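Take a look at the letters that make up each chain.
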Amino acid sequence: MGLTVPASTAPQAPQAPTAKTRGADTRALTQVLFAELKDLPPGSPEHTRVRSALVEANLPLVRYAAARFRSRNEPMEDVVQVGTIGLINAIDRFDPDRGVQFPTFAMPTVVGEIKRYFRDNVRTVHVPRRLHELWVQVTSATEDLTTAFGRSPTTGEIAERLRIGEDEVLACIEAGRSYHATSLEAAQEGDGMPGLLDRLGYEDPELDGVEHRDLVRHLLVQLPEREQRILLLRYYSNLTQSQISAELGVSQMHVSRLLARSFARLRSANRIDA
């Protein structure tokens, strides 16, 4: 007779840690490491070891921030690397005595470092250095004025703030668009129009004839002058053989023979050139 174990006392399989418990563990570990780091002299081997442990423990924070920029078409490894620089800066500046959780303090620094990377290094079209530096100032002034006015500032207000001309502000705004490229095949949002590639050009039906006309011109100059004139009158002026015979003062039969002989010469010359 087998022994029955009550359900309440049966051993339970260990449960996988949830994101919430992992986050709590990371925060607890971070607090311990910062408490240890505080008493270590900067530059010492122990300080470097604890600092590296803090970076490793908080890399998920960097990956979370980097995922917000996935649509920028930059390698995610590069974005994470840039965000890690922001994480290190946050670790060096963090004061645990202020009572602020480290993720709350570090996230703006990490995101700011990634945004700075896209702003300063990732451009689709190269712009002059002076215009790029001025664009950074225009962007900063726009953010400040938007906060102050509660609305988007005008071009004149930005120009007055920076003491530059409105034309320079407009040039900077245009340069700022070089950071974002749009595919020529992408459909235009909202207007239902086809992509730019379908609207910028079309296939010219006469394009195939360019090469043929050039070949004919090359072959024509090899004919006697009278035969060249007959061909021009027949196929460029659209005259009939009777009209050509009257124009040249020869019989229609003679015009027909000259045309046949010209075609034979052209075909022969074409085969030799080929």
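Just so it is clear, the structure is predicted and the values come from calculations on it, not from any experiment. (Residues numbered from 1 in each chain as written. Predicted model: local features only at pLDDT ≥ 70, side-chain atom pairs only at ≥ 80, totals over all residues. Heavy atoms only, no water.)

Our next topic: the overall build of the protein. Within the protein, the regular secondary structure consists of 13 helices and zero strands. Starting at the N terminus, the α and β elements of the protein follow one another as α-α-α-α-α-α-α-α-α-α-α-α-α. Put simply, the protein has 274 residues, and 27% of those count as buried. Counting only contacts in the protein whose residues sit at least 6 apart along the sequence, the fraction spanning at least 24 positions is 52%. Accessible surface, the protein as shown: approximately 19,400 Å² in total, 53% of it carbon and sulfur. (Helix = DSSP H or I, 4+ residues; strand = E, 2+ residues; numbered from the N terminus. Buried < 20%, exposed > 50% of the residue type's maximum accessible area, 1.4 Å probe, protein only. Contact = heavy atoms within 4.5 Å. Areas by Shrake-Rupley, 256 points an atom, 1.4 Å probe, with all protein chains shown as cover.)

Another point: the environment of Thr-84. As for its position among the elements, Thr-84 is in helix α4 (residues 76-93). Sequence-wise, Thr-84 and Glu-113 are 29 residues apart; in three dimensions their C-alpha atoms are separated by 8.8 Å. Setting aside residues up to four positions removed in sequence, Thr-84 forms contacts with Val-55, Leu-59 and Val-62.

In this numbering, the UniProt entry assigns the feature "domain: RNA polymerase sigma-70" (unreviewed entry) to residues 78-91. The span residues 78-91 carries 100% helix and 0% strand; its end-to-end C-alpha distance comes to 20 Å. (UniProt positions renumbered as here; feature names shortened; annotations may be inferred.)

Right, let's talk about the environment of Asn-238 for a bit. Relative to the assigned elements, Asn-238 resides in the loop between α11 (225-235) and α12 (241-248). Note on Asn-238: relative accessible area 59%, which makes it exposed. With residues up to four places along the chain from it excluded, the contact list for Asn-238 reads Leu-233 and Gln-243.

In the structure shown here, the tally under the stated rule is five aromatic pairs. Between the aromatic rings of Phe-94 and Phe-102, the centroid separation amounts to 5.2 Å while the plane-to-plane angle is 75°, which identifies the pairing as edge-to-face. As far as the burial class goes, Phe-94 and Phe-102 line up, both buried. Seen from the ring of Tyr-235, Arg-234 lies directly overhead, with NZ or CZ sitting 5.3 Å from the centre. (Phe/Tyr/Trp six-rings, centres within 6.5 Å; stacked < 30°, edge-to-face > 60°. Lys NZ or Arg CZ within 6 Å of the ring centre and 35° of its normal.)

On to helix α3 (residues 59-67), then. Residues separated by three or four positions in an α-helix point in the same direction, a consequence of the helix having 3.6 residues per turn. Leu-59, Leu-61, Val-62, Ala-65 and Ala-66 are the residues of α3 that are buried. Viewed end-on, α3 has its buried residues packed into an arc of 155°, placing them on one side of the element. (Arc of directions from axis to C-beta.)

What follows deals with the confidence of the model for the protein. Looking at the protein, pLDDT values average 79 and 76% of them are 70 or higher. Confidence drops under a pLDDT of 50 for residues 1-11, and excluding neighbours within four residues, the segment shows two contacts in the predicted structure. (pLDDT = per-residue confidence, 0-100.)

Now for the environment of Glu-113. The topology assignment puts Glu-113 in helix α5 (residues 102-121). On the basis of relative accessibility, which here comes to 19%, the residue Glu-113 falls in the buried class. With 27 residues separating them along the chain, Glu-113 and Gly-86 place their C-alpha atoms 5.4 Å apart. If we skip the residues at most four places from it in the chain, Glu-113 touches Val-82, Ile-85, Gly-86 and Asn-89.

So, on to the packing of helix α2 (residues 45-57) against α4. As a packed pair, α2 and α4 sit with axes 10 Å apart at the nearest point and diverge in direction by 130°. Judged on the interaxial angle alone, α4 and α2 are oblique. At the point where α2 passes α4, the crossing takes the right-handed sense. Across the interface between the two elements, Arg-51, Leu-54 and Val-55 of α2 pack against Thr-84, Leu-87, Ile-88, Ile-91 and Asp-92 of α4. Partitioning the contact of α2 with α4 into residue classes produces five nonpolar, one polar and two charged. (Axes fitted to C-alpha atoms, helices over the stretch in contact; angles between N-to-C directions. Parallel < 35°, antiparallel > 145°, perpendicular 65-115°, else oblique. Left-handed = near helix turned anticlockwise from the far one by under 90°. Nonpolar A, V, L, I, M, F, W, Y, C, P; charged D, E, K, R; others polar.)

Before going further, it helps to spend a moment on the nonpolar core. Formed by 28 residues in total, the largest nonpolar core has its most connected members in Phe-34, Leu-87, Ile-91, Phe-102 and Ile-114. Counting residues per element, the ones that place at least two in this core are α1 (19-38), α2, α3, α4 and α5. Counting residues per element, this core draws most heavily on α5, which supplies eight residues. Ignoring anything within four residues of it in the chain, the contact list for Ile-114 reads Ala-65, Ala-66, Phe-69, Val-79, Val-82 and Gly-83. Grouped together as the second largest cluster of nonpolar side chains are twelve residues, Leu-223, Ile-230, Val-255 and Leu-266 included. (Core = buried A, V, L, I, M, F, W, Y, C linked by side-chain atoms within 4.5 Å.)

Here we take up a nonpolar patch on the surface. A cluster of nonpolar residues, Val-216, Leu-232, Tyr-235 and Tyr-236, forms a patch on the protein surface that exposes about 410 Å² of accessible area. Judged by its relative accessible area of 45%, Tyr-235 is partly exposed. (Patch = residues over 30% accessible without salt bridge, like charges linked within 9 Å, V, L, I, M, F, W, Y side chains within 5 Å. Salt bridge = Lys/Arg side-chain N within 4 Å of Asp/Glu carboxyl O.)

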